[in-house]
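# Secondary and tertiary structure notes
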Amino acid sequence: MDENKEISLPPKYDPTAVEKDRYKYWLDGKFFEAKGDKSKKPFTIVIPPPNVTGRLHIGHAWDTTLQDIITRIKRMQGYDVLYLPGMDHAGIATQAKVEAKLKEQGQSKYDLGREKFLEKAWDWKEEYAEFIREQWSKIGLGLDYSRERFTLDEGLSEAVREVFVTLYNKGLIYRGEYIINWDPATKTALSDIEVIHEEVKGHFYHMKYPLKNGSGHIEVATTRPETMLGDTAVAVHPDDDRYKHLIGEKVVLPIVGREIEIVADDYVDMEFGSGAVKITPAHDPNDFEIGNRHKLERVLVMNEDGTMNENAEKYQGMDRFECRTQIVKDLQDKGVLFKIEEHMHSVGHSERSGAVVEPYLSTQWFVNMQPLADEAIELQKQSSDEKVNFVPQRFERTYLNWMENIRDWCISRQLWWGHRIPAWYHKETGEMYVGKEAPEDEENWEQDNDVLDTWFSSALWPFSTLNWPDTENEDFKHFFPTNVLVTGYDIIFFWVSRMIFQSKEFNDQRPFEDVLIHGLVRDADGRKMSKSLGNGVDPMEVIDKYGADSLRYFLSTGSTPGQDLRFQWEKVESTWNFINKIWNASRFVLMNLDNLSYQDIDLTGRKSVADKWILTRLNETIDQVNKNVDKYEFGEAGRHLYNFIWDEFCDWYIEMAKLPLYGEDEKAKHTTRSILAHVLDHTMRMLHPFMPFVTEEIWQQLPHQGESITQAAWPEIKAELHDETAAEEMKRLMAIIRAVRNIRAEVDTPMSKQVQLMIQAKDEQIEGQLEQNRLYLERFCNTSELIISTAVNAPEKAMSAVITGADLYLPLEGLIDVDKEIARLNSELDKLNKEVERVEKKLSNEGFVKKAPEQVVEEEKQKQQDYIEKRTKVEARIKELQS
């Protein structure tokens with residue numbers, strides 16, 4: 001080896017130096033831009049658009065790393081890959097952030113007015129979009145920025161208007177007065193899935209409503225006594241004998257003094273509480289339905305901000321919870337409220353603001369979901385070539401359960417930032433017009449002030465980003481439907497379901513072939529990451545410390561599909577150590593290639609058993625990686641790569657390659673150099689999707705063709721280089737070397753001290769193979785004398801080992817403790833007895849023998865024979881030492 005040879009890889013791996021400017025190199029080379037090449041099969045992934053409200057979290061890093069791995073593999077496999085970037089305007093969240101910033105400056109959105117406020121929101125978007133792009137670059141995402149989209153850009157706005165107007169004209173979008181989830185903090189409606197339910201300790205308040213006729217009272221209970229001010233009836237079950245005589249009678253509503261009727265309704269549970277229920281149609285969804293059935297008045301007693309309105313009379317202006325405290329006191333003073341009991345109940349909180357959600361009567365826009373859901377459910381009954389395939393499959397049931405129990409979707413939001421609803425109201429007549437464009441005499445019309453739920457535009461993302469509704473557009477025709485959606489199980493309801501039913505409705509096909517579902521990133525103790533726990537991890541901090549490649553490899557290989565991932569710093573560090581191992585091995589290879597060019601690589605020369613073995617193992621690794629990435633089992637793919645690189649290429653082949661490299665045979669040197677270059681090149685290609693930066697750095701120094709590893713062909717199995725016999729020979733050599741090293745360790749004999757080694761081969765064939773590879777055994781066992789024979793006279797005092805096909809003896813007179821050696825052999829005998837028992841039990845199981853593939857059964861039989869042979873020899877050795 002020429003120690004003075006100048007190489008480009010520094011002695012130490014420095015991720016900051018390796019990753020610096022590499023992303024710019026990729027972008028400048030336009031390696032990630034989809035070409036729209038009709039001669040290539042297209043492959044599309046659209047990024048789940050992050051919200052422009054802040055920086056990316058560790059979950060985003062996981063999600064996008066998996067997407068990037070898939071797209072890099074497909075690009076190397078020759079597909080025309082589009083990995084499309086974009087961001088979401090995130091209506092409620094972004095508006096809240098902008099309003100908070102204005103508040104710090106002593107302003108409100110009303111001070112600015114709608115147009116000026118929206119200018120501020122767009123400024124926010126530009127600032128945070130740049131942050132997100134910087135983070136994408138640090139993670140190393142192979143995105144086609146020439147096609148980047150934003151959910152509020154003009155093209156997507158056109159798609160939103162098209163969908164809204166079409167659904168409206170089909171009667172699937174309507175405007176109506178309903179009880180909706182209301183966020184008093186942000187003063188906007190929420191869909192059901194934007195409400196987080198938490199178990200909260202509250203109270204049940206039991207009250208007596210006096211009968212108007214003076215004959216007594218009727219007992220009711222509530223968890224929200226402030227809403228009693230809006231009661232318009234008391235309901236009982238029609239078959240309840242306790243109350244049949246009171247149906248149609250009236251009670252006097254305490255404090256308010258309003259007379260309200262006792263009605264009969266099947267909804268009431270006779271067994272729960274008193275069997276009588278107060279009805280507040282403007283403040284409870286179930287009461288709303290009962291009110292509709294009995295044509296009850298709807299009395300709203302709250303303002304949009306959660307304060308009490310004029311219908312609350314003397315409580316007007318109070319906060320709803322302040323009112324609760326006061327009204328409880330007043331009802332107790334009047335003797336109406338006679339019991340308060342503690343009660344754990346589920347309380348809805350706004351996902352965005354954290355405020356307690358108020359069921360609230362409001363006029364909103366809705367999507368009639370049943371027809372759309374029915375179509376989406378029907379889609380899942382089709383073949384795997386037509387339906388959406390969930391990975392893991394169990395999440396399809398999660399999706400279908402939600403679709404089968406769908407409720408109408410409230411899509412209007414009382415915000416300024418978002419897609420404004422394309423509906424106008426005539427200033428004089430009140431007539432409503434819905435259309436993609438404003439009415440011609442626009443000055444006489446006023447547009448609806450509300451905007452659409454963020455998820456309405458996000459639901460169109462797989463096709464709106466590809467220029468739909470222009471279905472003749474080349475990108476739409478070439479890249480839709482997309483291939484894979486990668487997302488967490490927490491937004492199957494929010495987003496996945498909506499993309500599916502919108503795509504089915506507007507394109508009559510699935511939006512993507514597969515949905516790869518992953519879990520959540522949790523802390524090392526398995527807890528969900530949250531601001532309150534302070535256990536969140538900033539992916540940019542991880543990259544600054546260990547590099548993007550370490551983070552990416554940890555995230556992509558640390559979990560199986562559908563499962564959560566625990567973030568552990570020590571595992572990121574172990575990945576960093578793995579990259580150091582790769583780096584050092586690569587430096588060794590590069591320092592020993594002797595200016596080998598790509599054209600000089602020749603794998604046809606005479607190869608050693610180690611050469612044949614490593615090429616066979618490379619084939620097997622390519623096969624295993626392919627099988628696992630096709631199933632999205634990146635953890636398993638990573639395990640095979642790790643074992644091949646660390647255990648086999650670095651720890652064995654490179655060490656064995658030093659013999660010809662430092663020898664005098666020039667032909668052997670050239671073959672070894674060719675194999676080192678070939679194996680390292682193909683290994684870097686397989687690792688590239690997982691670790692794009694360091695693999696590009698190493699690959700650029702190797703003999704190669706093309707500008708970048710991103711464009712290099714994915715490795716293929718070379719059948720002509722596959723040699724099972726050589727692989728078996730090599731396994732035997734490795735087993736011998738390992739056994740000798742283990743024995744040395746047991747008797748504390750350093751590798752620097754030469755030892756005598758006697759190998760008794762099972763047959764002449766094995767003897768011949770071992771003799772051919774004597775040089776490896778002498779070098780790596782450091783022997784003073786090596787005897788290989790089918791007839792070895794085993795010495796009386798020796799350390800021994802039994803491997804498949806051979807027995808080993810190390811005469812270590814004076815170094816061995818016979819009693820200890822007998823104890824060791826007894827321990828080995830115990831293990832072999834257990835293995836024999838296990839295999840025999842398996843083979844005696846008729847179910848296994850009949851059902852298992854013939855090859856598997858045969859393998860078990862071979863194991864049985866092998867274990868029995870080893871056991872016999874160990875027993876003989878124990879007997880020998882004891883004599």
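On a predicted model such as this, the values are computed, not experimentally measured, just so you know.

Looking now at a negative patch on the surface. The grouping of Glu304, Asp305, Asp319 and Glu322 at the surface amounts to a negative patch. Structurally, Glu322 is set in helix H9 (residues 320-333). Judged by its relative accessible area of 46%, Glu322 is partly exposed.

Below, the discussion takes up helix H20 (residues 634-661). With 28 residues, H20 should reach 40 Å at 1.5 Å per residue; the first-to-last C-alpha distance of 35 Å falls well below that figure. Along H20, the sharpest change in direction is near 45 degrees and occurs at Phe649.

Here we come to empty space enclosed by the protein. A complete count under the given rule lists 2 cavities of 30 Å³ or more for this structure. Considering only enclosed or pocket space, the largest cavity measures out at about 100 Å³ in volume. Contributions of two or more residues to the lining of the largest cavity are made by helix H3 (58-76) and strand E23 (512-518). Ranked by residue count, the leading element in the lining of the largest cavity is E23, at 3 residues. Its volume calculated, the second largest cavity comes out at about 30 Å³. Residue lining of the second largest cavity: Val802, Ile803, Thr804, Gly805, Asp866, Glu869, Lys870 and Lys873, and that is the complete set. Ranked by residues supplied to the lining of the second largest cavity, first place goes to helix H28 (residues 854-882) with 4 residues. In terms of residue class, the lining of the second largest cavity is built from 2 nonpolar, 2 polar and 4 charged. Here the lining of the second largest cavity spans two domains, and each of domain 4 (727-816) and domain 5 (819-882) adds at least three residues to it.

Another aspect to go through is the packing of aromatic side chains. Within this structure, the stated rule accounts for 48 aromatic pairs. With a centroid separation of 6.0 Å and 75 degrees between ring planes, the pair formed by Phe463 and Phe480 is classed as edge-to-face. Of this pair, Phe463 sits in helix H13 (residues 461-464) while Phe480 is found in the loop between helix H14 (474-479) and strand E22 (482-488), placing the two residues 17 residues apart along the sequence. The residues Phe463 and Phe480 share a single accessibility class, namely buried. Here a set of aromatic residues connected by ring pairs shows up, and it is made of Tyr553, Phe578, Tyr632, Phe634, Tyr642, Trp646 and Phe690. Sitting above the plane of the Phe780 ring, Arg779 keeps its charged end 5.0 Å from the centroid.

In this section: the packing of helix H10 (residues 369-379) against helix H15 (residues 492-507). The relative placement of two packed helices is expressed as an angle between their axes plus a distance between the axes. Close contact between H10 and H15 brings their axes to 9 Å; oriented N to C, the two are set at 90 degrees. As far as their axial angle goes, H15 and H10 are roughly perpendicular. Residue-level inspection shows Met369, Leu372, Glu375, Ala376 and Leu379 of H10 in contact with H15, the latter providing Ile500, Phe501, Lys504 and Glu505. Here the residues of the contact of H10 with H15 sort into 6 nonpolar, no polar and 3 charged.

Looking now at the UniProt feature "short sequence motif: 'HIGH' region" (unreviewed entry) in the chain. The sites that UniProt annotates as "short sequence motif: 'HIGH' region" (unreviewed entry) are residues 50-60. Between the end C-alpha atoms of residues 50-60 there is a gap of 8 Å, over a span that is 27% helix and 0% strand.

Spatial ordering of the open sheet is given by E15-E23-E22, a layout of 3 strands whose pairing is parallel. Two strands lie at the open edges of the sheet, namely strand E15 (389-391) and E22, each paired on one side alone. Averaged over neighbouring strand pairs, the angle between their axes works out to 20 degrees when direction is ignored. Direction of pairing for E22 relative to E23: parallel, over a ladder of 6 bridges. Paired with Gly488 across the strands is His518, a residue of E23.

Under the criterion given, the structure shown has 59 salt bridges. Note that Asp564 is salt-bridged to Arg522, the shortest N-O span being 2.7 Å. Residue Asp564 is found in the loop between helix H17 (548-557) and strand E25 (565-566), and its partner Arg522 is found in strand E24 (residues 521-522); the two are separated by 42 residues along the sequence. Each of Lys38, Glu472, Glu474 and Lys477 takes part in one network of salt bridges that share partners.

What follows covers the sheet that holds strand E26 (residues 755-761). Strand order in this open sheet of 4 strands is E27-E26-E29-E28, and the pairing throughout is mixed. Among the strands making up the open sheet, the edge pair consists of strand E27 (783-789) and strand E28 (798-803). Going across the sheet, the axis of each strand differs from the next one's by a mean of 15 degrees, ignoring polarity. As defined by bridge partners, E26 adjoins strand E29 (residues 806-811) across 4 bridges and the pair is classed as antiparallel. Residue Met758 lies in a different strand from E29, and its bridge partner there is Tyr809. Relative to the sheet, helix H23 (residues 724-746) contacts E26, E28 and E29, its axis offset from that of E28 by approximately 150 degrees. With respect to the sheet, H28 is in contact with E28 and E29, its orientation differing from that of E28 by roughly 170 degrees.

Rules and cut-offs
- Residues numbered from 1 in each chain as written.
- Predicted model: local features only at pLDDT ≥ 70, side-chain atom pairs only at ≥ 80, totals over all residues.
- Heavy atoms only, no water.
- Patch = residues over 30% accessible without salt bridge, like charges linked within 9 Å, V, L, I, M, F, W, Y side chains within 5 Å.
- Areas by Shrake-Rupley, 256 points an atom, 1.4 Å probe, with all protein chains shown as cover.
- Salt bridge = Lys/Arg side-chain N within 4 Å of Asp/Glu carboxyl O.
- Lys, Arg positive; Asp, Glu negative; His and termini not counted.
- Charge placed at Lys NZ, Arg CZ, Asp CG, Glu CD.
- Helix = DSSP H or I, 4+ residues; strand = E, 2+ residues; numbered from the N terminus.
- Buried < 20%, exposed > 50% of the residue type's maximum accessible area, 1.4 Å probe, protein only.
- Expected span 1.5 Å × (residues − 1).
- Bend = angle between axes of the 7 residues up to and from the residue.
- 1 Å grid on protein atoms, 1.4 Å probe; cavity = no way out; pocket = protein on both sides within 12 Å on 5 of 7 lines; lining within 4 Å.
- Points joined across faces, edges and corners; volume = space filled by probe spheres on them.
- Nonpolar A, V, L, I, M, F, W, Y, C, P; charged D, E, K, R; others polar.
- Domains from an automatic or database assignment.
- Phe/Tyr/Trp six-rings, centres within 6.5 Å; stacked < 30°, edge-to-face > 60°.
- Lys NZ or Arg CZ within 6 Å of the ring centre and 35° of its normal.
- Axes fitted to C-alpha atoms, helices over the stretch in contact; angles between N-to-C directions.
- Parallel < 35°, antiparallel > 145°, perpendicular 65-115°, else oblique.
- Contact = heavy atoms within 4.5 Å.
- UniProt positions renumbered as here; feature names shortened; annotations may be inferred.
- Pairing = 2+ DSSP bridges.

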